Amino acid sequence: MMDFVNIINNKLQEFINDYQELKEPMEYALFPGGKRFRPLLLLSILDDLKKDINLGLEVACAIEMIHTYSLIHDDLPAMDNDDMRRGKPSMHIAYGENIAILVGDALLTESFYWLSKANLPDHQKVKIINLIAKYTGARGMIRGQVLDIKSFNVNYEEILEIYQHKTVDLIACAILSAAIIGDVEDPAWYEIATELGKAFQIKDDLDDVDKNEESTIIKAIGMQNAQELFYKCRVKCLNLINDKLGKEKTYKLVETVL
Ligand code: GRG
């Protein structure tokens, strides 16, 4: 898996070498980076499907760029107002709000530039661009963020709706793109994304419980129920991955992240 991280990092580095005066802040945003979970997921699925992982490399990096933009904008004073991210000062603390906003915008726009240049047949590329635009924009991740901002005293259904868009949708981009590239499309992949994304977000909430955030599953259903739901989603997701791909790279990646 370490190899895959290096492959992802080398590609991201190659992308940002193009960016002139934005190169330094873009590098600050993307390196050393976080877990690289979404791109790793995409490459692992391709590998388990016995496909060349290089086919999915631009797509994997584009998804990581969108993820990074969402974190930069989420940290802004107008959003969550977080001073630290990935163990260092957040983008707007290091470079100012103006550059943080612009780096976020640039990461989002550039992700589609690199998607358009991916080394894939045009019909797959169009499908993937459509998918990623749909799941990260006003129907998907941004909608999740809007629902989150507007939420107060959420119930179980409302919090699941927020998680579905805020967290599941971007994870779905990685999984469904791999299914398109691997030519194995099937609704079961979206089910895997949903169980995985829910478990991922609940774990994040359980880890951050001290922050006492407003709209979390813990607030909605209590600590013990949230823990039980986490285990249920984790098991369901691992079983679904096992059915599709066996206990190979993807299974092991998800097992260690969840
Ligand atoms: C467009 C103004 C504007 C804002 C967009 C959509 C959005 C802001 C933010 C996304 C919402 C969000 C922060 C969801 C949380 C998902 C989540 C658990 C992120 C953490 O992901 P990890 O753990 O992070 O993969 P690393 O650091 O490992 O990459």
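Residues take numbers from 1 onward in each chain, read along the sequence in its written order. Reporting in this predicted model follows two pLDDT cut-offs: at least 70 for local features of residues, and 80 or more for side-chain atom pairs to be given and counted; totals over whole chains, interfaces and linings ignore these cut-offs and use all residues. Values reported for side chains reflect all heavy atoms of the structure, with hydrogen atoms and water molecules removed beforehand.

**Description of the side chain of T216**
Mapped onto the elements, T216 comes out in the loop between α10 (188–207) and α11 (217–221). Residue contacts follow a heavy-atom distance rule, with two residues in contact if any of their heavy atoms lie within 4.5 Å. Those residues in contact with T216, other than ones at most four positions away along the chain, are I159, Y163 and D205. Under the DSSP-based scheme used, a helix requires at least four consecutive residues in state H or I and a strand at least two consecutive residues in state E, with every element numbered from the N terminus.

**Regarding α10**
Residue count minus one, scaled by 1.5 Å, sets the expected span of a helix. In a regular helix each residue adds 1.5 Å, so 20 residues correspond to 28 Å; α10 covers 29 Å between its end C-alpha atoms and thus fits that length. Note on exposure labels: buried denotes an accessible area under 20% of the residue type's maximum, exposed denotes more than 50%, and partly exposed covers the range between, all computed with a 1.4 Å probe on protein chains only. Taken across its 20 residues, α10 has 15 buried, putting it largely inside the fold.

**Thoughts on the packing of aromatic side chains**
In summary, the pairing rule links any two rings of Phe, Tyr or Trp, Trp by its six-membered ring, whose centres are within 6.5 Å, and it sorts them by plane angle into stacked for under 30 degrees, edge-to-face for over 60 and tilted for everything else. Taken as a whole, this structure holds 6 aromatic pairs when the rule is applied. Three or more aromatic residues joined by ring pairs form one cluster here, namely F15, Y113 and W114. Remark: a charge is flagged as sitting over a ring if the NZ atom of Lys or the CZ atom of Arg is within 6 Å of the ring centre and within 35 degrees of the ring normal. Residue placement shows R36 over the ring face of F31; its charged tip is 5.4 Å from the ring centre. Lying across the ring of Y28, K88 places its NZ or CZ 3.7 Å from the centre.

**Remarks on the packing of helix α3 (residues 37–48) against helix α13 (residues 249–257)**
In contact at an axis separation of 8 Å, α3 and α13 are set at 155° when each is read in the N-to-C sense. Comparing the axis directions of α3 and α13 gives the class roughly antiparallel. Mapping the contact onto sequence places F37, L40, L41, S44, I45, D47 and D48 in α3 and K249, T250, L253, V254 and V257 in α13. Each residue gets one of three labels, nonpolar for Ala, Val, Leu, Ile, Met, Phe, Trp, Tyr, Cys and Pro, charged for Asp, Glu, Lys and Arg, and polar for the others, Gly among them. In the contact of α3 with α13, the residues fall into 7 nonpolar, 2 polar and 3 charged. For helices, the fitted axis covers only the stretch in contact; all axes are lines through C-alpha atoms, and the angles between them, taken along N-to-C directions, range from 0 to 180 degrees. Note on terminology: angles under 35 degrees are roughly parallel, angles over 145 are roughly antiparallel, angles of 65 to 115 are roughly perpendicular, and the others are oblique.

**Some words on the site of the ligand**
Here a residue counts as near a molecule or strand whenever at least one of its heavy atoms sits within 4 Å of it. Around the ligand, the surrounding shell holds 18 residues, and the nearest of these are K35, R38, H67, M79 and R86. K35 is positioned with one of its side-chain polar atoms (N or O) 2.6 Å from an oxygen atom of the ligand. When the ligand is considered free in solution it has 750 Å² of accessible area, and contact with the protein chains removes 87% of it. Mapped onto the shell around the ligand, the elements with two or more residues apiece are α4 (57–75), α8 (141–150), α9 (156–181) and α10. The element best represented in the shell around the ligand is α4, accounting for 6 residues. A per-class count over the shell around the ligand returns 5 nonpolar, 7 polar and 6 charged. Counted as a polar contact is a pair of N or O atoms within 3.5 Å, where, for protein atoms, one must be capable of donating a hydrogen and the other of accepting one, and residues adjacent in sequence contribute only when both atoms are in side chains. Accessible surface area values rest on a Shrake-Rupley calculation with a 1.4 Å probe, where residue burial reflects the displayed protein chains alone.

**Examining the pattern of salt bridges**
When a carboxyl oxygen of Asp or Glu lies within 4 Å of a side-chain nitrogen of Lys or Arg, that pair is called a salt bridge. Under the definition given, this model contains 14 salt bridges. Ionic pairing is found between R36 and E64, a salt bridge with its closest N-O pair at 3.1 Å. Of this pair, R36 sits in the loop between α2 (23–30) and α3 while E64 sits in helix α4, and the two are 28 residues apart along the sequence. For the pair shown, R36 and E64 are each scored as buried. Between E195 and K198 there is a salt bridge whose closest N-O contact spans 3.6 Å. Here E195 and its partner K198 are both found in helix α10, 3 residues apart, which amounts to about one turn of the helix. Judged by its relative accessible area of 14%, K198 falls in the buried class. Linked by salt bridges that have partners in common, E191, E195, K198 and K236 make up one network.

**A look at the packing of α8 against α9**
Viewed as axis vectors pointing N to C, α8 and α9 meet at an angle of 145°, and their least axial separation amounts to 7 Å. Crossing of α8 over α9 shows left-handed handedness. In this structure, α8 contributes M141, R143, G144, Q145, L147 and D148 to the contact, and α9 contributes E161, I162, H165, K166, D169 and L170. Residue classes in the contact of α8 with α9 are distributed as 4 nonpolar, 3 polar and 5 charged. In this scheme the crossing of two helices becomes right-handed for a clockwise turn of the near helix relative to the far one and left-handed for an anticlockwise turn of less than a right angle.

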